[in-house]
Amino acid sequence: MSGPRRSRAEVWAPLLVLAVIAGVVWASFWSGPAGTGSADDRVGASQETGELTEPDGPTGTEEPGSATPDDEATSGEGGSAEPDVTEPEELEASVRRFRAAQRRLAARVAQQLERRTQPAVEFQVATYNVLGDSHTGPGGNKPGFPDAGPRMDMAIAALRGNGIDVVGFQEFEASQHNMFVARAGEYSLYPGLSLGDKSVRFNIAWRSDMFRMVEAHTLTIPYAGGSRIAMPVVLLESTSTGRRAWFANFHNPADTPRLGNNARWRAEAAGIEIAHLTELRRSGDYPVIATGDYNERAEIFCRFTAGGVFSAANGGSSAGGCSPPPSMQVDWIFGSTGVAFADYAVTGTGKASDHSLVHATATLTASE
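Residues numbered from 1 in each chain as written. Predicted model: local features only at pLDDT ≥ 70, side-chain atom pairs only at ≥ 80, totals over all residues. Heavy atoms only, no water.

## What to know about the packing of helix 9 (residues 263-283) against helix 10 (residues 298-305)
With their axes 10 Å apart at the nearest point, helix 9 and helix 10 run at an angle of 30° to one another. In terms of orientation, helix 9 and helix 10 fall into the roughly parallel class. Like other packed secondary-structure pairs, helix 9 and helix 10 cross with a definite hand, here right-handed. Contacts from Arg-266, Ala-267, Ala-270, Ile-274 and Leu-277 of helix 9 reach helix 10 at Ile-300, Arg-303 and Phe-304. For the contact of helix 9 with helix 10, the residue count by class is 6 nonpolar, no polar and 2 charged. (Axes fitted to C-alpha atoms, helices over the stretch in contact; angles between N-to-C directions. Helix = DSSP H or I, 4+ residues; strand = E, 2+ residues; numbered from the N terminus. Parallel < 35°, antiparallel > 145°, perpendicular 65-115°, else oblique. Left-handed = near helix turned anticlockwise from the far one by under 90°. Contact = heavy atoms within 4.5 Å. Nonpolar A, V, L, I, M, F, W, Y, C, P; charged D, E, K, R; others polar.)

Structure below.
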C-alpha cells in the first residue's frame, strides 16, 4: 500500500532550497577580494601562468570544524597552515599578460584566415642561365656566340614572348644587369648591384605590376673551390591578391677543366639551400619556389624532394623512393607545398645563351 500523497510544495521546496544553497556556494567560489577582477579575469590569469589558483575564503562545501586534505598535509602538530594568497597586483599583471597574449593570437589567426581565403594567384616562373658576358667577350670560351648586347635583346624577347613574371638569372654579370635594367623596365630586381660583382650573377627579376618585394635576405653558398657567395631569397607579394611566396635563386658549381671537380661543394651547397628553404616553409605561412642552375640532374632532384616538402615543376616522385622525371635539365624549378605547377617547358633561345629558358605555370593555391 502506497504512503500518503504529498503536495507539490512539499516535493519542490527541498529542491529549491538546494538550488539556492548551490547558487550561494557558486557565488562564494568566484568571489574574491575587492578590486581583483572578474571571474573570467581570474580564470584567464590562471591559464596564462599554468597554475590553478585556489579561490579565497571557504567554499561552503566543508562541514564546520573539518580539515581538508591540504590542511592535514601542511599543518604541523598543534599548528595551522596559512593559505596561499595571490596579491591583487600580481593577479592584475597576470590578467594583463593573458589578455595581451589573447589579442596577439587572435590577430595572427585573423591574418592566417585572410591569407587562406584569398584567391589563388597564377603566374609564369622561369630559371635562365644567360651566359655571362665574359664568356663571349674578348678571350672568352664561347667565341661562336654574339656579344652580350645582342644576346640580352634576345633574352628579353624570350621572357616577354613567354609571359615570364618571375625569373631567376644565373651568370648575370654587371654589364648584362645594366643592359637589362635599361631595356626591360617592367621588371624589378634583387639584389641588383647592391652586393657587388659576384652576387649580381644570381639576380631574381619580377614584373613590377605583378609582384612587389616585401622582404629580402641572402644565403651564403659555397661555389667553385669552396669560395662563398651570397645568393638571393626574396618574399614577394601579389599586387592583385596580396598572396605571398618566397623565391630563391642559386647556381651550384659545375665540374670543368678550369674549375675542377666540385661534387663536394655542390653537395654542401644543396644541403644549405634545402635546409634553409625547408625551414622557411615549415616555420612560416608562405610557400617557397626555388630556381637555379644546379649542375645536377637526378642527384639534385632526389635531394630536394626527399623531405616531402618540395616537388619539381617537371614532375617525378619521391614516394617510396626517388623517381626522377624522364627528361631533366641542369636548370630546375622546385616548389614547396602550397605551390602547384603546370605547363612545364624548355624553350630554346637560339644564340642568346648556351642554356634554354626553363619555365612553368605556378599557382599559389587558395588553401595552404
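## A look at the sheet that holds strand 12 (residues 357-364)
Within a sheet, adjacent strands bond to each other through the backbone by hydrogen bonds, running parallel or antiparallel. With mixed pairing, the 6 strands of this open sheet are ordered in space as 3-4-2-1-12-11. A single partner strand is all that each edge strand has here, and the edge strands are strand 3 (187-190) and strand 11 (339-347). Sheet twist, expressed as the average angle between the axes of neighbouring strands with direction ignored, equals 20°. Its contacts with the sheet place helix 7 (residues 174-183) against strand 2 (166-170), strand 3 and strand 4 (204-207), and it is angled at close to 150° to strand 3. (Pairing = 2+ DSSP bridges.)

## Re the packing of aromatic side chains
Throughout the structure, instances matching the rule amount to 13 aromatic pairs. Through pairs of rings, three or more aromatic residues link up here, namely Tyr-294, Phe-301, Phe-304, Phe-310, Trp-332 and Phe-334. A cation over an aromatic ring shows up here: Arg-201 above the ring of Tyr-223, its NZ or CZ 5.9 Å from the ring centre. Above the face of the Phe-145 ring, Lys-351 is positioned so that its terminal group lies 4.6 Å from the ring centre. (Phe/Tyr/Trp six-rings, centres within 6.5 Å; stacked < 30°, edge-to-face > 60°. Lys NZ or Arg CZ within 6 Å of the ring centre and 35° of its normal.)

## Things to note about helix 6 (residues 148-161)
Taking 1.5 Å per residue as the helical rise, helix 6 with its 14 residues ought to reach 20 Å, and the 19 Å between its terminal C-alpha atoms agrees with that figure. Of all the positions in helix 6, only Ala-148, Gly-149, Arg-151, Met-152, Ala-155, Ile-156, Ala-158 and Leu-159 are classed as buried. Of the surrounding elements, those touching the buried residues of helix 6 are strand 1 (121-129), helix 5 (133-136), strand 2, helix 7, strand 3 and strand 12. Positioned one or two residues after helix 6, Gly-163 has a phi angle of 60°, which is positive. (Expected span 1.5 Å × (residues − 1). Buried < 20%, exposed > 50% of the residue type's maximum accessible area, 1.4 Å probe, protein only.)

## Observations regarding the side chain of Thr-278
Mapped onto the fold, Thr-278 is located in helix 9. Judged by relative accessible area, Thr-278 falls into the buried class, the value being 13%. When neighbours within four sequence positions are excluded, Thr-278 is seen to be in contact with Val-309 and Phe-310.

## Here's the deal with the nonpolar core
Ranked by size, the top nonpolar core spans 29 residues in total, and within it Phe-250, Leu-277, Tyr-294, Phe-304 and Phe-334 carry the most contacts. Those elements that place two or more of their residues in this core are strand 5 (211-222), strand 6 (228-238), strand 7 (244-251), helix 9, strand 8 (288-293), helix 10, strand 9 (310-312) and strand 10 (331-336). Element by element, the count of residues in this core is highest for helix 9, at 5 residues. (Core = buried A, V, L, I, M, F, W, Y, C linked by side-chain atoms within 4.5 Å.)

## Section: the state of the cysteines
Taken as a whole and judged by the stated rule, the model has 1 disulfide. Across a sulfur-sulfur distance of 1.9 Å, Cys-302 and Cys-322 are joined as a disulfide pair. Between Cys-302 and Cys-322 the disulfide shows an S-S torsion of about -85°. By sign, it is left-handed. Of the two residues, Cys-302 sits in helix 10 while Cys-322 sits in the loop between strand 9 and strand 10, which places them 20 residues apart along the sequence. Owing to a relative accessible area of 25%, Cys-302 belongs among the partly exposed residues under this scheme. Of the residues examined, Cys-322 reaches a relative accessible area of 35% and is grouped as partly exposed. (Disulfide = S-S within 2.5 Å.)

## Some thoughts on the environment of Ser-134
Assignment of secondary structure puts Ser-134 in helix 5. Residue Ser-134 is classed as partly exposed on the basis of its relative accessible area, which comes to 45%. Between the alpha carbons of Ser-134 and Glu-173 there is a distance of 8.0 Å; along the sequence they are 39 residues apart. What Ser-134 contacts, discounting residues up to four positions off in sequence, is Gly-140 and Glu-173. Within the structure, the side chain of Ser-134 is placed 2.7 Å from the side chain of Glu-173, a separation counted as a polar contact. (Polar contact = N/O pair within 3.5 Å; in protein donor to acceptor, adjacent residues only side chain to side chain.)

## Quick look at the pairing of strand 6
Strand 6 sits mainly inside the fold: 9 of its 11 residues count as buried. In this antiparallel pair of consecutive strands, strand 5 and strand 6, the connection spans 5 residues, and Gly-225 shows a positive phi of 70°. Across 5 bridges, strand 6 lies against strand 7 in antiparallel orientation. Along strand 7, the bridge assignment pairs Val-233 with Ala-248. Between strand 6 and the antiparallel strand that follows it, strand 7, lie 5 residues; Gly-242 among them carries a positive phi value of about 80°.

Honestly, that's just the spatial picture; any functional story needs more than this.
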